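Close look at the chain arrangement
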Amino acid sequence: MKRLKEFNIPFVGLKLGKHHFEYKIEQAFFEHFEYDDFNDVDVSVDVELEKKTTLLELHFKISGWVNVNCDLTNEPYNQDINSTFSLVVKFGEEYNDEHIDILIVPHGTYEINIQQYIYELIILAVPAKRVHPGIKDGSLNSDILKKLEELSPKLKETKEKEEDIDPRWNTLKKLLTDK
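Residues numbered from 1 in each chain as written. Predicted model: local features only at pLDDT ≥ 70, side-chain atom pairs only at ≥ 80, totals over all residues. Heavy atoms only, no water.

1. Quick word on the pattern of salt bridges
For the record, the criterion: In the sections that follow, a salt bridge refers to a side-chain nitrogen of Lys or Arg positioned within 4 Å of a carboxyl oxygen of Asp or Glu. Numbering of helices and strands starts at the N terminus; helices are DSSP runs of H or I of at least 4 residues and strands are runs of E of at least 2. Any residue under 20% of the maximum accessible area for its type is buried, any over 50% is exposed, and the rest in between are partly exposed; the area is computed with a 1.4 Å probe on protein chains only.
Tallied over the full model, the rule gives four salt bridges. Close ionic contact of Lys24 with Asp42 constitutes a salt bridge, the shortest N to O distance being 2.6 Å. Placement of Lys24 in strand 2 (residues 17-25) and of Asp42 in strand 3 (residues 40-51) is noted, with a sequence separation of 18 residues between them. Here Arg130 and Asp37 are joined by a salt bridge, their closest N and O atoms 3.9 Å apart. You can see Arg130 sitting in the loop between helix 2 (115-125) and helix 3 (133-137) and its partner Asp37 sitting in the loop between helix 1 (27-32) and strand 3, a full 93 residues away along the chain. A relative accessible area of 14% places Arg130 in the buried class. Exposure remark for Asp37: the relative accessible area of 38% places this residue in the partly exposed category.

2. Here we look at the packing of aromatic side chains
The line we're drawing: In this scheme Phe, Tyr and Trp rings, the latter by its six-membered ring, pair at centre separations within 6.5 Å, and the angle between planes marks the pair as stacked below 30 degrees, edge-to-face above 60, and tilted otherwise.
As enumerated under the stated definition, the model contains 14 aromatic pairs in all. Plain terms: the ring middles of Phe11 and Phe91 are 5.8 Å apart, the flat faces sit at 55° to each other, and that makes the pair tilted. Here Phe11 is found in the loop between strand 1 (8-10) and strand 2, whereas its partner Phe91 is found in strand 5 (residues 76-92), with 80 residues between them in sequence. Relative accessible area serves as the criterion here: at 28%, Phe91 is assigned to the partly exposed category. Following the ring pairs from residue to residue traces out a cluster consisting of Phe7, Tyr23, Phe29, Phe30, Phe33, Tyr35, Phe38 and Tyr119.

3. A word on the sheet that holds strand 4 (residues 55-69)
Applied cut-off: Between any two strands, pairing holds if DSSP finds at least two bridges. Each axis is a line fitted through C-alpha atoms, taken for helices only over the stretch in contact, and angles between the N-to-C directions span 0 to 180 degrees. Note on contacts: a residue pair qualifies if any of its non-hydrogen atoms lie within 4.5 Å across the two residues.
Strand order in the open sheet formed by five strands is 2-3-4-5-6, and the pairing between neighbours is mixed. Single-partner strands in this sheet number two, and they are strand 2 and strand 6 (102-106). Taking the axes of each pair of neighbouring strands and ignoring which way they run, one obtains an average angle of 20° across the sheet. Of the pairings in the sheet, the one linking strand 3 to strand 4 comprises twelve bridges and is antiparallel in character. Bridge pairing in strand 4 places Val47 opposite Phe60. Together, strand 2, strand 3, strand 4, strand 5 and strand 6 form the strand contacts of helix 2, whose direction differs from that of strand 5 by roughly 140°.

Written out as structure tokens, the structure reads:
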């Protein structure tokens, strides 16, 4: 996967302290990753990099929406997403990204690419089950939804009548209530 240059953060020239970076993520970003579950994307990413003497702390905050298809009706809708993530970048002998929130880069590294972290943060912010909000509030008027309701099994109310119960059970129930 080719790295996108706009997501490189050259931290060598930065002073100690906090630095802010902002990114606007659109559909082209996900086309680069060959990810086609989203119809459209409008996400803002705020990254706060805190440079310390021996490590870097990155705090990601995303907010926006992705246009996805509903799992029930296949109707497209905008799913709001908001998420945060913190990453600690340490320096070591060799590159190591085995831990979720710790990245070890070799000594002498002068920049870090954050495109993979942004990609994963957005993907994981989308719910696993995508349900159109119109289904929940009843405002969605869809042929597919009508057909699903028509074909869904109807629950029959089964009321047991007293005469259907074996009289021996009634005698046993009296034992529970007797004191």
